[in-house]
Amino acid sequence: MSARRSRSRQAGAGRITDEQIDDLMSKLQAILPEARLGRNDRVSAAKVLQEACSYIRSLHREMDDLSERLSELLSTTEMSSAQAAVVRSLLM
């Protein structure tokens, strides 16, 4: 075996293959809401990654909004301090 082939195999051992990337992109596309990517069966990897980032940002905003609403609710609701402590511990 040539030294070139040996180095190529060693360098490629830790690399991800194109097939693995395609599989991961398909899985990522499958978990994104369909409305975000349209009806096309084949979408570019760049589009999938952009939409995934946008979707994650929207989930963060939604989580922040819900957290704020819950905090407001906890501050106005008359709960025993033990109940409030349990709810707060679940949020942390």
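Residues numbered from 1 in each chain as written. Predicted model: local features only at pLDDT ≥ 70, side-chain atom pairs only at ≥ 80, totals over all residues. Heavy atoms only, no water.

A. Looking closely at the overall build of the protein chain. Within the protein chain, the regular secondary structure consists of five helices and zero strands. Written out in order from the N terminus, the α and β elements of the protein chain read α-α-α-α-α. For the protein chain, long-range pairs separated by at least 24 residues make up 6% of all intrachain contacts whose partners lie at least 6 apart in sequence. For the protein chain, the exposed surface amounts to about 8,000 Å²; the carbon and sulfur share of it is 53%. (Helix = DSSP H or I, 4+ residues; strand = E, 2+ residues; numbered from the N terminus. Contact = heavy atoms within 4.5 Å. Areas by Shrake-Rupley, 256 points an atom, 1.4 Å probe, with all protein chains shown as cover.)

B. Up close: the confidence of the model for the protein chain. Averaged over every residue, the pLDDT of the protein chain is 79; residues scoring 70 or more account for 74%. Mean pLDDT in the protein chain bottoms out at helix H1 (residues 3-12), which sits at 52, and peaks at helix H2 (residues 18-31), which reaches 91. (pLDDT = per-residue confidence, 0-100.)

C. Seen up close, helix H4 (residues 45-76). Spanning 32 residues, H4 covers 47 Å between terminal C-alpha atoms, matching the ideal 46 Å at 1.5 Å per step. Regarding H4, the residues found buried are Val48, Glu51, Ala52 and Leu74. (Expected span 1.5 Å × (residues − 1). Buried < 20%, exposed > 50% of the residue type's maximum accessible area, 1.4 Å probe, protein only.)

D. Here's a closer look at the pattern of salt bridges. All told, the structure shown has two salt bridges when counted by the stated rule. Asp23 is the partner of Lys27 in a salt bridge, and the nearest nitrogen-oxygen pair spans 3.3 Å. Of this pair, Lys27 and Asp23 are both found in helix H2, four residues apart, which corresponds to roughly one turn of the helix. A residue is classified by how much of its surface remains accessible, and Lys27, at 49% relative accessible area, is partly exposed. With relative accessibility at 38%, the residue Asp23 sits in the partly exposed group. Of the charged contacts in the structure, one is a salt bridge between Lys47 and Glu51, with a shortest N-O distance of 3.3 Å. (Salt bridge = Lys/Arg side-chain N within 4 Å of Asp/Glu carboxyl O.)

E. Layout of a nonpolar patch on the surface. Among the surface-exposed residues, Ile16, Ile21 and Leu24 lie close enough to one another that they form a single nonpolar patch of about 250 Å² accessible area. Given a relative accessible area of 47%, Leu24 falls into the partly exposed group. (Patch = residues over 30% accessible without salt bridge, like charges linked within 9 Å, V, L, I, M, F, W, Y side chains within 5 Å.)

F. Region of interest: the nonpolar core. Residues Met25, Leu32, Val43, Val48 and Ala52 constitute the largest nonpolar core, which totals five residues. Those residues within four positions of Ala52 in sequence are excluded, and the remaining contacts are Leu28 and Leu32. (Core = buried A, V, L, I, M, F, W, Y, C linked by side-chain atoms within 4.5 Å.)

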